[in-house]
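Breakdown of the fold
Single-letter residue listing:
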Amino acid sequence: MSDMHLGVCYYPEHWPESLWADDAQRMVAAGLTRVRIGEFAWSRIEPEDAQFDWGWLDRAIAVLHSAGLRIILGTPTATPPKWLVDQMPDMLAVGQDGRVRGYGSRRHYCFSHAGYHAQAVRITRALAERYGHHLGVVAWQTDNEYGCHDTVESYSPAARSAFQRWCSQRYASIAALNSAWGNVFWSMEYRSFAEIELPNLTVTEANPAHWLAFRRFSSDQVIAFNRAQVDVLRAHSPGRDITHNAMGFFTAYDHHALGADLDVLGWDSYPLGFLETFRFSEADKQRFAHQGHPDIAAFHHDLYRGCTRGGRWSVLEQQPGPVNWARHNPAPLPGMVRLWTLEAFAHGAEMVSYFRWRQFPKAQEQMHAGLLRPDNQPAPALAEVTAVALELAALASSGDTPKQAAIIFAYEADWMTDIQPHGPGSGASRSALWAAFACYSALRRLGLNVDIVPPGHDLAGYALVVVPCLPIVSDALAAELAACPGQIVIGPRTGSRDTDFGIPTGLPPGPLRDLLGLTVILSESWPDRLSIEGVAEGMPWQAGGWYDHVEGVAVPDLVATDGRVASWQHGRVTYCAAWPAGSYIETIIARAASAAGLPSQPLPYSVRQRRLGNLLLHFDYDTASVTISPQ
Amino acid sequence: MSDMHLGVCYYPEHWPESLWADDAQRMVAAGLTRVRIGEFAWSRIEPEDAQFDWGWLDRAIAVLHSAGLRIILGTPTATPPKWLVDQMPDMLAVGQDGRVRGYGSRRHYCFSHAGYHAQAVRITRALAERYGHHLGVVAWQTDNEYGCHDTVESYSPAARSAFQRWCSQRYASIAALNSAWGNVFWSMEYRSFAEIELPNLTVTEANPAHWLAFRRFSSDQVIAFNRAQVDVLRAHSPGRDITHNAMGFFTAYDHHALGADLDVLGWDSYPLGFLETFRFSEADKQRFAHQGHPDIAAFHHDLYRGCTRGGRWSVLEQQPGPVNWARHNPAPLPGMVRLWTLEAFAHGAEMVSYFRWRQFPKAQEQMHAGLLRPDNQPAPALAEVTAVALELAALASSGDTPKQAAIIFAYEADWMTDIQPHGPGSGASRSALWAAFACYSALRRLGLNVDIVPPGHDLAGYALVVVPCLPIVSDALAAELAACPGQIVIGPRTGSRDTDFGIPTGLPPGPLRDLLGLTVILSESWPDRLSIEGVAEGMPWQAGGWYDHVEGVAVPDLVATDGRVASWQHGRVTYCAAWPAGSYIETIIARAASAAGLPSQPLPYSVRQRRLGNLLLHFDYDTASVTISPQ
Amino acid sequence: MSDMHLGVCYYPEHWPESLWADDAQRMVAAGLTRVRIGEFAWSRIEPEDAQFDWGWLDRAIAVLHSAGLRIILGTPTATPPKWLVDQMPDMLAVGQDGRVRGYGSRRHYCFSHAGYHAQAVRITRALAERYGHHLGVVAWQTDNEYGCHDTVESYSPAARSAFQRWCSQRYASIAALNSAWGNVFWSMEYRSFAEIELPNLTVTEANPAHWLAFRRFSSDQVIAFNRAQVDVLRAHSPGRDITHNAMGFFTAYDHHALGADLDVLGWDSYPLGFLETFRFSEADKQRFAHQGHPDIAAFHHDLYRGCTRGGRWSVLEQQPGPVNWARHNPAPLPGMVRLWTLEAFAHGAEMVSYFRWRQFPKAQEQMHAGLLRPDNQPAPALAEVTAVALELAALASSGDTPKQAAIIFAYEADWMTDIQPHGPGSGASRSALWAAFACYSALRRLGLNVDIVPPGHDLAGYALVVVPCLPIVSDALAAELAACPGQIVIGPRTGSRDTDFGIPTGLPPGPLRDLLGLTVILSESWPDRLSIEGVAEGMPWQAGGWYDHVEGVAVPDLVATDGRVASWQHGRVTYCAAWPAGSYIETIIARAASAAGLPSQPLPYSVRQRRLGNLLLHFDYDTASVTISPQ
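Residues numbered from 1 in each chain as written. Chains lettered and ligands numbered in written order. Predicted model: local features only at pLDDT ≥ 70, side-chain atom pairs only at ≥ 80, totals over all residues. Heavy atoms only, no water.

Before going further, it helps to examine the interface of chain C and chain A. Each partner contributes to the interface: chain C provides 51 residues, whereas chain A provides 53 residues. Around 4,500 Å² of area is buried between chain C and chain A when both sides are counted, 55% of it from carbon and sulfur atoms. The largest contributions to the chain C side of the interface with chain A come from W186, V203 and R529 of chain C, which together make up 19% of the buried area. Taken together, chain C and chain A are joined by seven salt bridges. Here E197 of chain C makes a salt bridge to K82 of chain A, at a shortest N to O gap of 3.0 Å. Between chain C and chain A we count 25 residue pairs in polar contact (both at pLDDT 80 or more) in total. Contributing elements (two or more residues each) for the side of chain C that touches chain A: α7 (174–181), β13 (518–525) and β16 (546–552) of chain C. Ranked by residue count, the leading element in the side of chain C that touches chain A is β13 of chain C, at five residues. In terms of residue class, the side of chain C that touches chain A is made up of 21 nonpolar, 15 polar and 15 charged. (Contact = heavy atoms within 4.5 Å. Buried area = accessible area lost by both parts, 1.4 Å probe. Salt bridge = Lys/Arg side-chain N within 4 Å of Asp/Glu carboxyl O. Polar contact = N/O pair within 3.5 Å; in protein donor to acceptor, adjacent residues only side chain to side chain. Helix = DSSP H or I, 4+ residues; strand = E, 2+ residues; numbered from the N terminus. Nonpolar A, V, L, I, M, F, W, Y, C, P; charged D, E, K, R; others polar.)

Ranked by internal contacts, the top residues of the largest apolar core, which has 671 residues, are L481 of chain A, L481 of chain B together with L481 of chain C. The contact partners of L481 of chain C, leaving out residues within four places of it in the chain, are I408, L459, V465, V467, I488, I490, L512, L515 and R572 of chain C. (Core = buried A, V, L, I, M, F, W, Y, C linked by side-chain atoms within 4.5 Å. Buried < 20%, exposed > 50% of the residue type's maximum accessible area, 1.4 Å probe, protein only.)

Tracing the chain through its elements places E365 of chain C in the loop between β8 (351–354) and α14 (380–391). E365 of chain C sits 168 residues away from E197 of chain C along the chain, and the two C-alpha atoms are 38 Å apart. In contact with E365 of chain C, not counting residues within four places along its chain, are F185 and W186 of chain B together with R106, N324, F355, R356 and F360 of chain C.

Residues and elements named next belong to chain C. For helix α17 (residues 475–483), every residue scored as buried is listed here: L477, A478 and L481. Taken down its axis, α17 places every buried residue within 105° of arc, on the same side. Residues of α17 that are exposed and point over 90 degrees away from its buried face: D475, A476 and A483. (Arc of directions from axis to C-beta.)

Let us now look at the side chain of D500 of chain B. All names here are of chain B. Locating D500 in the fold gives a position in the loop between β12 (487–490) and α18 (513–516). Summary of buried charges: D500 has no salt-bridge partner, and the nearest side chain of opposite charge, R216, is 4.3 Å away. One polar contact links D500 to Y171, side chain to side chain, over a distance of 2.5 Å. Once residues within four sequence positions are removed from consideration, D500 is found in contact with R170, Y171, A180, W181, A209 and R216. (Lys, Arg positive; Asp, Glu negative; His and termini not counted.)

So, on to the sheet that holds strand β8 (residues 351–354) of chain A. Backbone hydrogen bonds are what pair the strands of a sheet, in a parallel or an antiparallel way. Residue and element names in this part refer to chain A. Taken in spatial order, the eight strands close into a barrel running β1-β2-β3-β4-β5-β6-β7-β8, and their pairing is parallel. Sheet twist, expressed as the average angle between the axes of neighbouring strands with direction ignored, equals 25°. Bridge analysis of strand β5 (residues 241–246) against strand β6 (residues 264–269) gives four bridges, and the strand direction is parallel. Residue pairing in the sheet places N245 in a bridge with G266 of β6. (Pairing = 2+ DSSP bridges. Axes fitted to C-alpha atoms, helices over the stretch in contact; angles between N-to-C directions.)

It is worth spelling out the relation of the copies chain C and chain A at this point. Expressed as a screw transformation, the operator carrying chain C onto chain A has a rotation angle of 120° and an axial translation of 0.0 Å, and the superposed copies differ by an RMSD of 0.0 Å. What we have between these two chains is a three-fold relation. Among all residues of chain C, the minimum C-alpha distance to the rotation axis is found for R99 of chain C, at 5.8 Å. A share of only 2% of interface residues in chain C that are also interface residues in chain A marks the association as one of differing surfaces. (Least-squares fit on C-alpha atoms with pLDDT ≥ 70 in both.)

Residues and elements named next belong to chain B. With parallel pairing, the eight strands of this closed barrel are ordered in space as β1-β2-β3-β4-β5-β6-β7-β8. Neighbour-to-neighbour, the strand axes of this sheet turn through a mean angle of 25°, independent of strand direction. Of the strands in this sheet, β2 (34–37) and β3 (70–74) are in contact with helix α3 (residues 55–66), which crosses β3 at around 150°.

Looking now at the pattern of salt bridges. Residue and element names in this part refer to chain A. The final tally for this structure, using the stated rule, is 117 salt bridges over all chains. One salt bridge in this structure joins R216 and E412, with 3.0 Å as the shortest N-O distance. Residue R216 is found in helix α8 (residues 208–236), and its partner E412 is found in helix α15 (residues 411–419); the two are separated by 196 residues along the sequence. Owing to a relative accessible area of 24%, E412 belongs among the partly exposed residues under this scheme. The partner of D451 in a salt bridge is R305, and the shortest N-O contact between them spans 2.6 Å. Pair noted here: D451 is in strand β10 (residues 450–453) and R305 is in helix α12 (residues 296–305), with a separation of 146 residues, a long-range link.

What follows is the structure in structure tokens.
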């Protein structure tokens with residue numbers, strides 16, 4: 001298909017110029033059509049302040065372009081050079097612990113520093129002016145992995161000043177802020193915006209409303225930083241797509257807001273690194289050590305597809321072998337690079353770009369595999385990539401991809417569960433993001449197509465809508481859900497807060513009280529050792545983590561053996577009184593999917609399927625066989 | 001009974017004035033007679049420096065008083081307002097890590113800062129002058145939970161200067177200090193008091209004598225800070241009780257010293273939060289998740305009763321539902337609020353005051369239950385409280401409460417086991433406090449009344465005296481124990497140090513050598529994986545954690561299967577060579593209680609009893625039934 | 001034997017002068033001939049700047065000498081006094097976290113601080129001038145336990161400047177440094193040496209080449225600091241040995257480099273403290289709690305014997321009872337002090353010196369046992385020591401000690417596995433040091449004598465050479481191994497890096513490719529949950545931690561049940577594709593020892609043997625019996 005591209009991340013500045021032409025030809029021979037370059041090259045582009053060295057980059061672009069490749073050019077703002085840092089040392093971010101986060105790796109800047117903001121615009125403009133109309137340049141990537149290494153938040157003096165301004169714009173009067181935050185509580189009232197502190201380094205926890213404001217502010221700073229680059233690029237490079245590479249299981253900035261400013265949202269897919277890093281069960285970590293959990297990549301595909309207006313997205317970095325950055329780094333099984341690639345296109349990717357062309361034998365990522373080994377021989381993935389390039393035609397589909405289930409997810413929901421976890425339980429597993437992942441996994445194991453969408457997204461056409469955990473529910477969303485004819489599943493904490501982290505006047509679920517037919521009068525957070533269990537349709541379920549006491553007209557749905565009600569029913573709506581996870585949410589989702597009339601059926605544990613237009617594709621993550629079955 | 005009061009903590013400043021009268025009437029209707037207010041309201045009392053707003057507080061007190069309630073008025077020094085902090089930023093405490101502990105929550109002050117000390121006296125005087133003779137005000141609470149969030153110690157410049165002065169007063173000459181601390185050891189000798197550093201941030205551990213001095217100093221600073229308020233209150237509000245609310249499992253300042261300056265020592269009882277937070281077994285945490293371990297509340301009742309000269313104490317904050325601050329926060333079972341309340345009175349409380357009247361829907365404690373929900377409807381506890389108010393008459397008793405067993409506990413003992421744990425084992429479980437808790441639990445499971453008393457307390461009338469862990473034993477205490485006719489159980493490390501943390505000249509147990517008939521010549525600290533075990537009276541016991549080698553005339557008592565002696569007997573005195581915990585200390589205590597002729601009998605695991613005058617009351621913490629049986 | 005001495009560490013400054021003569025006589029009576037003094041006594045030698053108090057030290061030395069003891073005199077530079085620190089507060093080291101590491105314990109200095117360097121030379125010269133020709137002084141100890149409490153590295157301004165100078169000397173041009181480190185990677189290029197930062201406090205990990213340079217620099221600073229003292233001592237005290245006391249399982253500086261400047265390398269042997277502190281299995285920690293793992297002491301004996309040109313070494317501190325500094329501190333079994341002593345001599349020690357004469361009842365180490373108790377009575381070890389002194393004659397041997405197996409270990413190898421662990425696994429267990437320990441243990445359980453030698457050591461005479469993990473292999477070492485006729489076992493990561501932490505041009509194992517007949521094309525790091533297993537000679541083996549994919553002419557050796565090759569054979573060389581540990585490395589070592597024709601035979605789990613000249617000695621660490629059998 002013409003709109004499915006394979007690409008690769010390439011760093012000509014790492015290699016002798018004599019290799020470039022051969023590299024380009026081998027890329028083309030492997031079936032690649034896109035190449036991403038430039039995003040860490042500031043020290044080579046501008047080795048001294050205002051002294052640009054364009055020659056090497058001109059030649060690199062020319063070589064790649066003349067070989068038939070199209071270029072995604074990155075702005076190098078994730079790695080400001082030492083001379084720039086020495087000019088304005090206060091551009092460095094400050095960590096939550098109050099320590100300056102120093103030079104010597106990457107992402108060493110504070111989003112709120114006006115001086116660095118101007119520098120980022122300056123270097124972006126310089127690049128855009130030089131290459132904005134180059135025929136080989138088809139897209140721009142802004143910066144690289146915003147927020148990586150916990151860099152969204154900074155606790156610098158610059159951030160404090162900017163936060164004060166942000167507060168004054170949001171709240172207009174300090175009295176309004178004091179009231180919204182409930183600052184009377186511990187005599188925390190401010191007399192002016194200039195008195196506002198950052199919420200770190202307090203004696204005990206700061207006000208959750210304070211934290212939420214700071215998280216919103218910090219996210220807004222990322223969006224503004226990005227938009228400044230976007231504005232320059234749109235002005236100087238018309239007709240080119242603008243993208244950015246998001247990460248996995250990362251929520252520190254609002255990707256819906258970022259996506260609104262981009263043409264295509266990219267993301268960096270490292271299934272093995274994510275499996276090792278994040279909170280999967282020991283059993284899954286062992287079973288899928290060389291494959292990745294079968295929902296990791298697809299969850300993000302479906303999440304990021306919902307982040308841009310046009311639903312355009314791609315994989316900007318695809319793991320091609322062992323990585324270097326997880327605690328342990330196994331190699332993928334033979335066939336996995338092919339599976340991951342095809343699965344991305346099955347979920348609608350425009351491009352899958354491998355990270356990276358050739359393993360660089362030095363510096364931080366020397367143990368990160370590429371398509372070529374450091375000795376320039378093919379790494380195992382290259383043959384798979386070459387084969388996949390020839391298979392893409394088989395993914396040509398016709399007709400519309402069916403709408404089945406929607407999950408509503410908002411980034412600020414995850415900030416709120418992080419700020420006030422109530423019960424950390426198994427690590428981050430009780431966050432809004434992981435609630436969404438659990439619901440997603442339950443839907444996917446039934447073979448359903450899932451769209452993950454923000455509040456406000458049109459819900460027409462979905463037979464099943466799941467709201468795993470959404471503390472703030474607007475009246476508009478409540479109305480939209482009420483109007484939605486499909487089955488609805490609502491998770492705990494949904495509607496439990498007003499816009500400034502207060503409990504809503506009429507108690508949770510706030511504006512959803514009528515739709516759910518209940519009021520939550522008391523919430524318990526439970527350690528892992530507490531649980532309730534029951535049986536539904538002959539299958540046992542177990543629930544815990546959270547337990548809501550309710551009153552209202554809703555009727556008991558799942559009832560535990562000890563009589564406690566684990567979920568409530570009110571018409572087509574199910575409310576989860578316990579935390580959505582495991583067999584509990586699988587039971588609820590299965591019932592709702594059945595009631596919705598969706599063609600659901602349990603798949604084997606390692607298998608997922610995806611409907612793409614008129615195709616039904618299966619992906620088997622088991623070690624016994626790796627099967628991709630385009631129909 | 002006329003001297004058993006129910007009360008509630010109330011924050012009129014959180015609510016519209018229009019609610020106050022109704023609140024007061026509902027309090028009275030529920031049987032409450034006391035209301036505690038004001039302790040976090042500085043920013044409303046004095047919104048700008050020296051600009052007081054008394055109106056609202058005048059009216060709040062009037063409304064409450066006229067409804068028939070008596071008021072406990074708090075000084076607001078736990079929450080200095082922002083304008084004050086900005087006036088003197090160096091009033092902020094400094095953490096052990098050297099970082100300033102910033103504004104934005106509460107307790108953001110250094111006890112050694114002279115400027116803040118003066119401010120605390122000033123605001124206390126302002127309150128006392130205005131309300132000191134108010135008929136509605138029956139008591140004052142100083143500050144709030146001294147030391148909460150690890151705030152007893154501060155490592156600020158102000159603390160360093162004050163510590164140097166404290167040292168010069170205690171040791172008179174620097175040579176005496178060097179000698180007492182053994183500073184020659186690593187050339188740590190000071191030439192003057194001005195050279196003395198705080199013991200944090202050293203390359204490896206500081207001298208334990210240095211730490212002990214700093215812990216004593218830090219405790220003394222709390223006592224002095226409190227006494228300054230007490231002096232003002234006594235001068236301006238004669239005839240009113242002065243109290244403070246202590247916490248659970250907290251030893252950072254000397255509560256015996258604090259209690260000496262107060263009329264009534266209060267404490268804040270959160271059985272579920274404490275169970276989740278502190279070192280109970282997984283089995284107990286599961287079994288008692290919704291009740292709290294049956295010794296948690298009673299241990300503190302009996303501990304704090306021993307902290308004031310008159311034995312007067314109360315529960316200033318009683319958990320009424322889920323709290324917000326533990327890692328996980330389950331709800332109490334129905335009936336538990338009633339049980340906790342009655343049990344407090346059974347142990348001699350003057351008042352039980354619930355925290356808090358109405359759940360505040362904002363800020364840090366928004367998830368902390370009250371007697372009312374945020375929507376002003378009754379929370380589950382309100383009905384229990386109302387019922388309990390009617391039951392108090394049944395606790396009317398006559399006659400003296402019998403003396404049975406005494407535990408001797410000193411706060412500095414816990415500082416010493418914290419400074420030099422020897423073997424952290426299961427967290428803090430090898431501290432002097434937890435040794436006391438283990439002994440207490442063993443006594444209570446035999447159905448005995450226990451008094452927890454400081455060294456120097458009159459031991460007359462106790463058939464059994466237990467000294468779980470008291471590193472410093474004065475000659476006076478040694479003499480008192482020698483004169484005590486009852487059975488005596490002495491735990492390890494008792495008598496093992498002189499007043500400046502040195503090993504006593506004739507080795508441990510120092511002045512107790514004659515009484516115990518032994519000398520400890522060698523002490524081992526053991527990891528959890530090492531233990532010895534044996535059988536006594538047909539029941540197995542297991543011991544570990546610590547092991548003392550002794551020589552002397554004492555005879556073996558418990559002997560392990562491998563021949564090692566786990567406890568020694570010398571006349572009526574038993575010495576524990578292993579750490580007092582579990583089946584080991586239960587065996588020793590049971591033998592001693594039997595030898596003492598006490599009416600001991602093993603109770604079911606979840607049941608405790610308390611003799612109150614002529615009453616025998618039972619409290620069953622099991623989920624099967626919650627029974628309070630006044631006889 | 002005339003060259004086997006017993007000694008003791010003694011602190012006359014801790015005790016009244018009236019005790020000294022009796023102490024000296026009791027030392028001699030116990031069979032001791034050496035006494036180490038002075039290393040922490042700066043505040044007594046020079047109580048004020050330039051005001052020396054020699055009298056007490058003159059008299060102490062005289063008393064000891066006249067009793068017949070010979071003295072090892074320490075320079076007191078590990079404990080600079082307060083007045084000196086106050087003169088130059090920036091002499092304090094800075095931790096990796098950026099915090100100054102303060103006064104109040106010991107080792108409070110930065111090796112790179114020129115002012116303190118000069119002070120250390122000054123106090124050394126003062127001591128050497130006064131006692132350099134004293135007949136009683138037979139040796140000098142420099143400082144005390146360099147690096148204890150993580151003090152090799154300092155991140156101070158002084159260290160940064162010194163590191164910049166070090167870099168300029170090593171790399172000559174900044175372009176060479178940038179190229180060697182691969183600084184282009186993330187625009188980390190420096191324009192001058194003055195721009196170089198220390199590698200701590202970066203946003204994410206710093207460049208591993210940067211870290212390796214900083215580790216080398218930090219080690220070099222220790223060597224230079226020591227050499228400055230050595231130069232003074234050689235000049236002013238001719239004919240005396242110079243020694244230093246190294247520690248256990250400690251690699252932060254290059255002990256081979258240090259040893260090159262010393263006559264005798266000492267070390268401090270605390271088998272129980274090390275067992276508790278380091279990564280032994282729970283089963284071993286339980287079984288050997290009172291004895292220490294049977295390879296702990298011997299491993300260090302054989303390691304440090306290889307650190308000086310002449311192979312001269314001693315135990316400068318020998319544990320005589322419980323220590324104070326481990327997490328838990330059990331007592332040694334009766335007989336263990338004797339066993340440890342005799343085993344040290346069996347491995348070639350010149351002296352075993354017990355730490356310490358009398359337990360000091362104050363300060364940080366008050367719970368550290370001595371040969372005497374604090375009350376001046378004999379501690380249990382004294383009788384064992386006295387008995388051992390009479391047994392030394394039985395260790396008189398004739399003939400050469402046989403060469404059997406050599407392990408090649410380099411300190412920078414451990415720095416590299418620490419910098420880039422790839423998979424932390426069970427703590428530090430995947431470090432080069434612990435790989436060496438696992439290989440050593442496997443060899444020793446076969447009853448073999450082992451020499452642990454640096455790269456470049458003459459390998460003639462060894463039938464078996466093991467290279468457990470040596471990332472940097474020089475061409476010279478490759479040639480030496482190729483010329484070595486014995487069996488060779490090579491562990492993973494060997495030859496995997498060039499001198500600046502880059503992957504070698506032709507991939508690992510770099511210059512060993514021909515010898516091994518293979519190229520490592522891909523390396524996986526595995527979590528503990530992943531493993532492969534197989535059977536060899538009827539015995540099961542299990543491997544994991546790491547897995548290398550190779551290509552070449554080598555043939556499979558151990559093959560797992562799933563077909564993966566766990567080790568490769570090429571002629572007399574075996575390559576380990578998995579991490580050397582447990583049954584896997586035992587299997588490989590046993591096969592290699594057999595092929596080498598060595599007289600290997602499995603010993604019981606708790607027994608080790610050592611050939612010393614014509615003697616064969618056995619050491620049984622089991623609790624059932626402690627047998628030392630000189631033949």
